[in-house]
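Examining the three-dimensional arrangement
The lines below spell out each chain.
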2 protein chains.
Amino acid sequence: MQLDRFDLAILGILQQNNMMSQRDIGHAVNLSAAAVNRRIKALNTSGIIQANVAVINPASVNREITLFVEVEMVNERKEYIDEAKRRFTDLIAVQQCYYVTGEADFVLVIVVSSMIEYEQITRQLFFDNSNVKRFRTFVTMDRVKVGLSVSIPEASQAQLVSPPINRGSNG
Amino acid sequence: MQLDRFDLAILGILQQNNMMSQRDIGHAVNLSAAAVNRRIKALNTSGIIQANVAVINPASVNREITLFVEVEMVNERKEYIDEAKRRFTDLIAVQQCYYVTGEADFVLVIVVSSMIEYEQITRQLFFDNSNVKRFRTFVTMDRVKVGLSVSIPEASQAQLVSPPINRGSNG
DNA sequence: TCTTTATTGCAACAATATTTCACAAAGTCG
DNA sequence: CGACTTTGTGAAATATTGTTGCAATAAAGA
């Protein structure tokens, strides 16, 4: 699916607030609400929009501790890596998991309610896994910027001056 | 604001899919749509729900490269740290920024379209900043698990068997 | 027991999303 | 060059969803 500047502008809005009415979005990007509706539907079904979610304040559900963990594996053969991916992914406290190059093999973002809970997780994920060579933990003091937004190409300077072409009216 | 098991169940649904109709949510948690509506509104206004967003597939907008960067600072006095926070946050390519303890001071998640773009960012953020002592980059090969979901206490085992109490009707 | 407060479900209502339709632009084929 | 097809549009009609008022229920305190 090819995205034009209107799609990009719509994506830019939705990734900040997907509860804005389609009419308001249309007004913001110079399109009719119907056009916005069709485009959003296409963006959803094509998988360009992967999910629509509420972002919850972790503190409000007693998940105040965010940790970063770099994990280095012993054996980097595919089956071992896949096994590790599965293990990490399955744990609900693992909010994000990335397989990376460099001095570590995995980077994890873990969200827990207490260091006791984290200690149990380290045992389960790392100490009881003979393929984990080493791990390094960073404890977050400030979640300075958190989100999943990506920069939208040209979305900032897009003018969106003219509705694409016709005016489809007979009056 | 005190959250009961219904609020938690609703949060658990919304952080996976905030486009589900309030009727369906009500059906899932054993409440009326009106009750769900009131609770969601309260969750939004109280800030427990921090945002409602669409998650965009980065590849679809040509942002295929995700990087982790650990940054170590020279001077850790508050004003310098705050200045760094501002710098990092302001850059749109910096998707996430955490101030951490441990062998680094900051952990960044950066999303870009090319390594050339990243090279420019390193210059801007690190080389041209005399307070940056060192930084280490990890290039992501696989975004194994990505999201902002937090585990909701007891949401998994909550039964939600009985609608709270009344049936508020006069027949 | 009686009162107060909070919360519910239902039903009417308002707002929003979705579909339908006639038309315009651009491309394709003869 | 002209007829035809495809794609996409705006406006209007329809369907769905969110929102609010109200009486009733339950819990807590006097």
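That block above? That's the structure.
Notes on the structure in this doc start here. Predicted, not measured: the structure shown is a model, and the values here were computed from it. (Residues numbered from 1 in each chain as written. Chains lettered and ligands numbered in written order. Predicted model: local features only at pLDDT ≥ 70, side-chain atom pairs only at ≥ 80, totals over all residues. Heavy atoms only, no water.)

1. Notes on the overall build of chain A
Counting its secondary structure elements, chain A contains five helices and five strands. For chain A, the sequential pattern of α-helices and β-strands runs α-α-α-β-β-α-β-β-α-β. Split into buried and exposed, the 171 residues of chain A put 47% on the buried side. Partitioning the intrachain contacts of chain A with sequence separation of at least 6 by distance along the chain shows that 66% fall at a separation of at least 24. (Helix = DSSP H or I, 4+ residues; strand = E, 2+ residues; numbered from the N terminus. Buried < 20%, exposed > 50% of the residue type's maximum accessible area, 1.4 Å probe, protein only. Contact = heavy atoms within 4.5 Å.)

2. Description of the environment of Val29 of chain B
Residue and element names in this part refer to chain B. The residue Val29 is located in helix H2 (residues 22-29) in this model. Residue Val29 is classed as buried on the basis of its relative accessible area of 2%. With 16 residues separating them in the primary sequence, Val29 and Ile13 have C-alpha atoms 9.5 Å apart.

3. A look at the sheet that holds strand E2 (residues 65-73) of chain A
Ordered by their spatial adjacency, eight strands build a closed barrel running E2(A)-E4(A)-E3(A)-E5(B)-E2(B)-E4(B)-E3(B)-E5(A), and the pairing between neighbours is antiparallel. Each strand of the sheet is rotated relative to its neighbour by a mean of 35°, with strand direction disregarded. The sheet contact formed by strand E2 (residues 65-73) of chain B and strand E4 (residues 106-112) of chain B spans seven bridges and is antiparallel. Note that in E4 of chain B the partner of Ile65 of chain B across the bridge is Val112 of chain B. Here helix H4 (residues 78-90) of chain A sits on the sheet and contacts E2, strand E3 (94-100) and strand E4 (106-112) of chain A together with strand E5 (132-145) of chain B; the angle it forms with E4 of chain A, its principal contact strand, is near 15°. (Pairing = 2+ DSSP bridges. Axes fitted to C-alpha atoms, helices over the stretch in contact; angles between N-to-C directions.)

4. Examining the relation of the copies chain B and chain A
Between the two chain copies there is a screw-like relation: a rotation about an axis and a shift along it. The two copies are related by a screw operation: chain B maps onto chain A through 180° of rotation and 0.0 Å of translation along the axis, at an RMSD of 0.1 Å. What we have between these two chains is a two-fold relation. Of the C-alpha atoms belonging to chain B, the one lying closest to the rotation axis is found on Val53 of chain B, 2.8 Å away. Here 100% of the contact residues of chain B are again contact residues in chain A; the copies associate through an equivalent surface. (Least-squares fit on C-alpha atoms with pLDDT ≥ 70 in both.)

5. Looking at the interface of chain B and chain A
With 61 residues of chain B at the interface, the matching set in chain A holds 61 residues. Taken together, both faces of the contact between chain B and chain A bury some 6,300 Å²; the carbon and sulfur share is 60%. For the pair chain B and chain A, the number of links is six salt bridges. Counting the contacts that link chain B with chain A gives 45 residue pairs in polar contact (both at pLDDT 80 or more). For the side of chain B that touches chain A, the secondary-structure elements that each account for two or more residues are helix H1 (5-14), strand E1 (49-56), E2, helix H4 (78-90), strand E3 (94-100), E4 and E5 of chain B. Along the lines of polarity and charge, the residues of the side of chain B that touches chain A split into 34 nonpolar, 19 polar and eight charged. (Buried area = accessible area lost by both parts, 1.4 Å probe. Salt bridge = Lys/Arg side-chain N within 4 Å of Asp/Glu carboxyl O. Polar contact = N/O pair within 3.5 Å; in protein donor to acceptor, adjacent residues only side chain to side chain. Nonpolar A, V, L, I, M, F, W, Y, C, P; charged D, E, K, R; others polar.)

6. As for H1 of chain B
With nine of 10 residues buried, H1 of chain B lies mostly within the body of the structure. Along H1 of chain B, the residues classified as buried are Phe6, Asp7, Leu8, Ala9, Ile10, Leu11, Gly12, Ile13 and Leu14 of chain B. Buried residues along H1 of chain B sit in contact with strand E1 (49-56) of chain A together with H2, helix H3 (33-45) and E1 of chain B. Its side-chain oxygen placed 3.0 Å from the backbone nitrogen of Phe6 of chain B, Asp4 of chain B serves as the N-cap of H1 of chain B.

Remember, this is a structural readout, not a statement about activity or role.
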